[in-house]
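Fold and geometry: a report
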Amino acid sequence: SFRKNENLSASLLNFLVTSEEKRGRLAIALERAEQEGWQWTEVEIPDEEIELETAIQRINNHVIERVGNFTTSTENLPNGITLKMVSLPAGQFLMGSPDSDPDARDNEKPPHQVQVNGFAIGKYSVTQAQYEAVMGTNPSRFQNNPQNPVEKISWNDAQAFCRKLSQITGKTYRLPTEAEWEYACRAGTTTRFYFGDDANQLGDYAWYYGNSQGTTHPVGQKKPNAWGLYDMSGNVWEWCEDDWHDNYIGAPTDGSAWITNNNDNDYDYRIPRGGSWYNIPNLCRSAFRNYNYRRLFFNVGFRVVCGARRTL
C-alpha cells in the first residue's frame, strides 16, 4: 500500500501495474493447472502490507549489505596526512536492542525505527597522526605507533578537532549523532554484533579485553563491517554528538542528535559508543550505550562525519 502523496516515477508505476497483471495471469494459470489434476504444495506467505517506501528501502539495504559498493574519498590534511571517508546512503534501521537479547540493557530500549539521511563517515577512528596534523598535539597514552587511534580525548577535544578540520578543508566536519553511529556500525544487520550473534568471533573484528594485551592497536588491522568501516567495535570508544538519555523514550526518529541540555558544563553526560581495548565483549555490541562526563576521556577517541549538523 502507498499513500497518495508518495511520489512515484512513471517507470515504478509501470512496474507496479505490470506486476498486478502478472498476478492476474498467474491466477488463471493456477486454476487451469488445478483442472488438469496437478498436485500442489501449500507454502505460507506472510500476509504483510508495508508502504512502498519501506519495501524499496529493504531492497536497498539488502543490495548494500551484499554488494558493499560505497564511495570512498580522501581528505588531505597538513604534513601529507590523509583522512579516508566512506559515503553511506540514506536508510532506515531498527535502533536499540530487542527483549530477546539476554544482554540488552534498559537504556537500549525501546527498539525503534530510525530514518537516516546519507552522510560520509571516517573509514577508521581518528588516528594520532591525523589528530597531531590538525591540532599540533598528541595527548594519547599509547604512542608507540602514529596509526593507533588517538585516545584520552574529551568530548570538547573532539569538537575542537572537528571545528579546526572544517576550517582547513572548507567542509562541515562533526561528530556522528548516536543514530548515525549505530546505523554505520550495524551496516544493515540486526544481530548483536555487526558480524552476527556469536561473541566468540569478536577477535576477528575488534581489539578488546581478550586480545588487546592492554593497549590500543593501529586502525584497520581487523576485519571491517559489511560497509567497509573498521574498528566500529573495540580499540577505543567513540564520542557521539548527543546528550545522554536513560532510554529511547521520546528519541528522534530522523537520525538527528538528541540535544536537550545546551549548558556548557564539563559535567554534562555525553555518549561514547563501540567499546574499547579495555572492555569485555558485551560492551562491544552494536546497541550497547555508555555515558561519560564530557571532560573525562579514559580509553575514548572518536571518528568524524562530514555533513550538516542536525539536532532535535
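Numbers given to residues run from 1 along each chain, matching the order in which its sequence is written. With pLDDT at 70 or above as the cut-off, local features in this predicted model cover only qualifying residues; side-chain atom pairs require 80 or more to be listed or tallied, and sums for whole chains, interfaces and linings still use all residues. Side-chain numbers come from the whole structure's heavy atoms, not from hydrogens or water.

Digging into the side chain of K109
Only DSSP runs of H or I covering at least 4 residues are called helices, and only runs of E covering at least 2 are called strands; the numbering of each starts at the N terminus. For K109, the location among the structural elements is in the loop between β3 (91-95) and β4 (112-116). If sequence neighbours within four positions are ignored, K109 has contacts with S97, P98, D99, A104, N247, Y248 and I249. Contacts: residue pairs with any heavy atoms within 4.5 Å of one another.

Considerations on the sheet that holds strand β2 (residues 82-88)
The five strands are arranged β1-β2-β5-β11-β6 in an open sheet whose pairing can be described as antiparallel. Every interior strand has two partners, whereas the edge strands, β1 (71-76) and β6 (173-174), have only one. Criterion used throughout: strands pair if DSSP finds at least two bridges between them. By the bridge criterion, four bridges tie β2 to strand β5 (residues 119-122) in an arrangement that is antiparallel. In the sheet register, S87 faces β5, and the bridge partner there is A120.

Re the sheet that holds strand β8 (residues 269-273)
Two modes of strand pairing occur in sheets, parallel and antiparallel, and in both the strands are linked by backbone hydrogen bonds. Ordered in space as β9-β8-β7-β10, the four strands form an open sheet in which the pairing is mixed. At either end of the open sheet lies a strand with only one pairing partner, and these are β9 (292-293) and β10 (300-301). Pairing analysis gives two bridges linking strand β7 (residues 237-243) to β10, with the strands arranged parallel. Directly across from E238, in β10, lies its bridge partner G301.

What to know about the nonpolar core
Grouped together as the largest cluster of nonpolar side chains are 33 residues, with contacts concentrated most on L88, F119, I121, A184, L202, L229 and M232. For A184, the contacting residues outside a window of four places in its chain are L88, F119, I121, N225, W227, L229 and M232. Among the nonpolar cores identified, the runner-up in size contains 24 residues, and A120, A158, Y173 and F288 belong to it. We define the nonpolar core as a collection of buried residues of types Ala, Val, Leu, Ile, Met, Phe, Trp, Tyr and Cys that are connected through side-chain atoms lying within 4.5 Å of one another. Relative accessible area decides the class of each residue, using a 1.4 Å probe on protein chains only: under 20% of the type maximum gives buried, over 50% gives exposed, and in between gives partly exposed.

What about empty space enclosed by the protein?
Space left empty within the atom packing is revealed by a probe, the size of a water molecule, rolled over the atoms. Within this scheme a cavity is a closed region of a 1 Å grid, computed over the protein atoms alone, that accommodates a 1.4 Å probe without allowing it to escape, whereas a pocket is open but has protein on both sides within 12 Å along at least five of seven lines; lining residues each have an atom within 4 Å of a point. Grid points are joined across faces, edges and corners, and a volume is the space filled by probe spheres set on the points. Following the criterion strictly, the structure yields one cavity of 30 Å³ or more and no others. If you add up the space inside the largest cavity, you get close to 80 Å³. Around the largest cavity sit M95, H112, E178, A179, D242, Y248, A251, P252, G255, S256 and W258, which together line it. A breakdown of the residues in the lining of the largest cavity according to their chemical character gives six nonpolar, three polar and two charged. Residue polarity follows a fixed list, in which Ala, Val, Leu, Ile, Met, Phe, Trp, Tyr, Cys and Pro are nonpolar, Asp, Glu, Lys and Arg are charged, and the others, Gly among them, are polar.

Considering the environment of R163
Structurally, the position occupied by R163 is in helix α4 (residues 155-169). Residues R163 and R174, eleven residues apart in the sequence, show an inter-C-alpha distance of 7.4 Å.

Some details on helix α3 (residues 128-135)
In terms of burial, α3 is a largely internal element, six of the eight residues being buried. Those residues of α3 not exposed but buried are Q128, A129, Q130, Y131, A133 and V134. G136 sits one or two positions beyond α3 and adopts a positive phi of about 80 degrees.

Looking at the pattern of salt bridges
When a carboxyl oxygen of Asp or Glu is within 4 Å of a side-chain nitrogen of Lys or Arg, the pair counts as a salt bridge. One pass over the structure, following the stated rule, counts 13 salt bridges. Two residues, R174 and E180, come together in a salt bridge whose shortest N-O distance is 2.9 Å. Under the relative-accessibility criterion, R174 is labelled buried at 7%. In this structure, the salt-bridge partner of R186 is E182, at a minimum N-O distance of 2.9 Å. In this pair, R186 and E182 are both assigned in helix α5 (residues 178-186), four residues apart and thus about one turn of the helix distant. Note on R186: relative accessible area 4%, which makes it buried. Each of the salt bridges in this network shares a partner with another, and the network as a whole consists of D101, D103, E108, R192 and R285.

Observations regarding unusual backbone geometry
That bond from K109 to P110 is cis: its omega, -5 degrees, falls within 30 degrees of zero. Following the sequence through the fold, P110 ends up in the loop between β3 and β4. The backbone of Q213 shows a phi angle near 55 degrees, a positive value even though the residue is not glycine. By the secondary structure assignment, Q213 is in the loop between α6 (202-205) and β7.

Quick notes on the pairing of β8
Regular strands place their side chains on alternate faces of the sheet. Taken across its five residues, β8 has four buried, putting it largely inside the fold. Note: β7 against β8, three bridges, orientation antiparallel. Looking across to β8, one finds that E238 is bridged to R273. As paired strands, β8 and β9 are joined by two bridges and run antiparallel to one another. By the bridge assignment, Y269 is partnered in β9 with Y293.

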